[in-house]
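So you can see what is in the structure, the chains are spelled out below.
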Amino acid sequence: MTVDIRPILASDEAMMIRFHQTLSSDSVHDRYFGTLALGQRIEHDRLVHVCHPDVGDVVFVVEIVASEGVREIVAVARLSTAPGRTDGEVALIVSDLFQHRGLGGELLRRLIRAAKDAHLTQLYAHVLSGNAAMLRLCSEVGMVIPSCEIGSDVKAVLDLRADNGNESLGNVRAH
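Keep in mind that this is a model prediction, so the values were computed, not measured.

Caption draft 1: Seen up close, the overall build of the protein. Counting its regular elements, the protein contains six helices and six strands. In the protein, the succession of helices and strands from N to C terminus is β-α-α-α-α-β-β-β-α-β-α-β. Over its C-alpha trace the protein gives a radius of gyration of 16 Å, about what one expects of a compact globule, namely 16 Å for 175 residues. Taken along the three principal axes of its C-alpha coordinates, the protein extends 45 × 35 × 35 Å. The buried share among the 175 residues of the protein stands at 41%. Long-range pairs, those at least 24 residues apart, make up 65% of the contacts in the protein with a sequence separation of at least 6. As presented, the protein carries roughly 9,100 Å² of accessible surface, and 53% of it is formed by carbon and sulfur atoms.

Caption draft 2: Main features of the pattern of salt bridges. In total, this model carries eight salt bridges according to the counting rule given. Of the charged contacts in the structure, one is a salt bridge between Asp12 and Arg6, with a shortest N-O distance of 2.8 Å. Here Asp12 matches Arg6 in class, with each residue buried. A salt bridge links Asp159 to Arg161; its shortest N-O distance comes to 3.0 Å. Accessibility expressed as a relative area gives 62% for Arg161, which makes it exposed.

Caption draft 3: Seen up close, the packing of aromatic side chains. Evaluation of the coordinates by the stated rule reveals zero aromatic pairs. The ring of Tyr124 is capped by Lys155, whose NZ or CZ atom sits 4.4 Å from the centre of that ring.

Caption draft 4: Geometry of unusual backbone geometry. Phi is positive for His100, close to 65°, though the residue is something other than glycine. Mapped onto the elements, His100 comes out in the loop between β4 (87-94) and α5 (103-117). Classification of His100 by relative accessible area gives exposed; the value is 61%. Even without a glycine there, the phi angle at His119 is positive, about 65°. Here His119 is to be found in the loop between α5 and β5 (122-128).

Caption draft 5: Representation of the sheet that holds β4 in the model. Spatially, six strands are ordered β1-β2-β3-β4-β5-β6 in an open sheet, and the strand pairing comes out mixed. Two strands bound the open sheet, and with one partner strand each, they are β1 (2-7) and β6 (153-159). Across the sheet, the axes of successive neighbouring strands diverge by a mean angle of 20°, strand direction being ignored. Across seven bridges, the pairing between strand β3 (residues 71-81) and β4 is antiparallel. Paired with Arg78 across the strands is Ala91, a residue of β4.

How each quantity is defined
Residues numbered from 1 in each chain as written. Predicted model: local features only at pLDDT ≥ 70, side-chain atom pairs only at ≥ 80, totals over all residues. Heavy atoms only, no water. Helix = DSSP H or I, 4+ residues; strand = E, 2+ residues; numbered from the N terminus. Rg over C-alpha atoms; globule rule 2.2 N^0.38 Å. Buried < 20%, exposed > 50% of the residue type's maximum accessible area, 1.4 Å probe, protein only. Contact = heavy atoms within 4.5 Å. Areas by Shrake-Rupley, 256 points an atom, 1.4 Å probe, with all protein chains shown as cover. Salt bridge = Lys/Arg side-chain N within 4 Å of Asp/Glu carboxyl O. Phe/Tyr/Trp six-rings, centres within 6.5 Å; stacked < 30°, edge-to-face > 60°. Lys NZ or Arg CZ within 6 Å of the ring centre and 35° of its normal. Pairing = 2+ DSSP bridges. Axes fitted to C-alpha atoms, helices over the stretch in contact; angles between N-to-C directions.

Everything listed here is a matter of coordinates, which is why it stays silent on function.
Written as structure tokens, this is what we have:
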């Protein structure tokens, strides 16, 4: 199996549908802060927006190619910006079978690099307080995570003007 991290393509819509079918209700809850039905996540208009990012936005996917040549998206990460602003929001989700293999960290580091290349000064991520894996990733790249109440969301913030040691590519493990 080979792993490729690349920008999303307009032609990825069918693979995005299959990707969303692989997500558990826990993963959906952690990413979307509640229930978002599969039918809503794979609506054509929504996927068109995802597969055609706005100017200034960056979307990466992790694509695997099995030995049989079957291609599959197993993770998606997005950097969203607004015209005239110097900050951006990051979000990511990894298919359940591929979690805890370093993909989320690698995607987050690439989003940070893209934000620096775009001369943004700050990144933030809204994370549920119970999403320990995402909070750990945010902490590992130097994001400041305020204390919060259980069940609330946290705004983790990264000052891109500081050297946070997040330039390394890290290790990606795939099986």
